[in-house]
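# Examination of the molecular architecture
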Amino acid sequence: MMGMEEKITYKDLEQYHHLFTFVPAFLLKRMAVRNSNLIQKFKSAIESHLNSLNDDQKNKLDIILNSEVEELQALLAEAYIKTGLKQYEILSNPKYREFIELNLDELKKIV
């Protein structure tokens, strides 16, 4: 029997800092504007990072991948406020929702 649905927090997101920031901000913005498949383009780097995750991190990643995009973008906005990183600002922008959905779907295929 499942308990309450787990919610992600900024702390959970923080563990995947590398996944959100390994693409330079200018390139991420260009890809977001074009709604590009980022996961496909950087598949080997992402796979190698995924392989290094422990079980707890894999479970948290699963929760992140199955979260609502609005909820995820709210956390990304919080991450931007706390870190000042442009990548978080770009990813938290509601106009890039489709870009996030596309790439979450692609990421689910390789996890």
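Our subject is the structure that appears above.
The following refers to the structure shown.

Conventions and cut-offs
Residues numbered from 1 in each chain as written. Predicted model: local features only at pLDDT ≥ 70, side-chain atom pairs only at ≥ 80, totals over all residues. Heavy atoms only, no water. Helix = DSSP H or I, 4+ residues; strand = E, 2+ residues; numbered from the N terminus. Rg over C-alpha atoms; globule rule 2.2 N^0.38 Å. Buried < 20%, exposed > 50% of the residue type's maximum accessible area, 1.4 Å probe, protein only. Areas by Shrake-Rupley, 256 points an atom, 1.4 Å probe, with all protein chains shown as cover. Lys, Arg positive; Asp, Glu negative; His and termini not counted. Charge placed at Lys NZ, Arg CZ, Asp CG, Glu CD. Expected span 1.5 Å × (residues − 1). Arc of directions from axis to C-beta. Contact = heavy atoms within 4.5 Å.

What follows deals with the overall build of the protein. Within the protein, the secondary structure is distributed over nine helices and zero strands. Mapped from its N terminus to its C terminus, the protein presents α and β elements in the order α-α-α-α-α-α-α-α-α. Taken over C-alpha atoms, the radius of gyration comes to 13 Å for the protein, in line with the 13 Å a tight globule of 111 residues would show. Principal-axis analysis of the C-alpha atoms gives the protein an extent of 45 × 30 × 25 Å. The buried share of the protein, taken over its 111 residues, is 41%. Put simply, the protein shows about 6,800 Å² of open surface, and 52% of that area lies on carbon and sulfur atoms. Taken together, the 15 basic and 17 acidic charged side chains of the protein have centroids lying 8 Å from each other.

The next point concerns helix α9 (residues 97–110). Compared with the 20 Å implied by 1.5 Å per residue over 14 residues, the 21 Å span of α9 between its first and last C-alpha is a close match. Taken together, the buried positions of α9 are Phe99, Ile100, Asn103, Leu104, Glu106, Leu107 and Ile110. Projection of α9 onto a plane perpendicular to its axis shows the buried side chains occupying an angular sector of 165°, all on one side. Residues of α9 that are exposed and point more than 90 degrees away from the buried face comprise Glu98 and Lys109. If you follow the buried residues of α9, they end up packed against α3 (25–33), α4 (38–41), α5 (43–51), α6 (55–65), α7 (69–83) and α8 (86–92).

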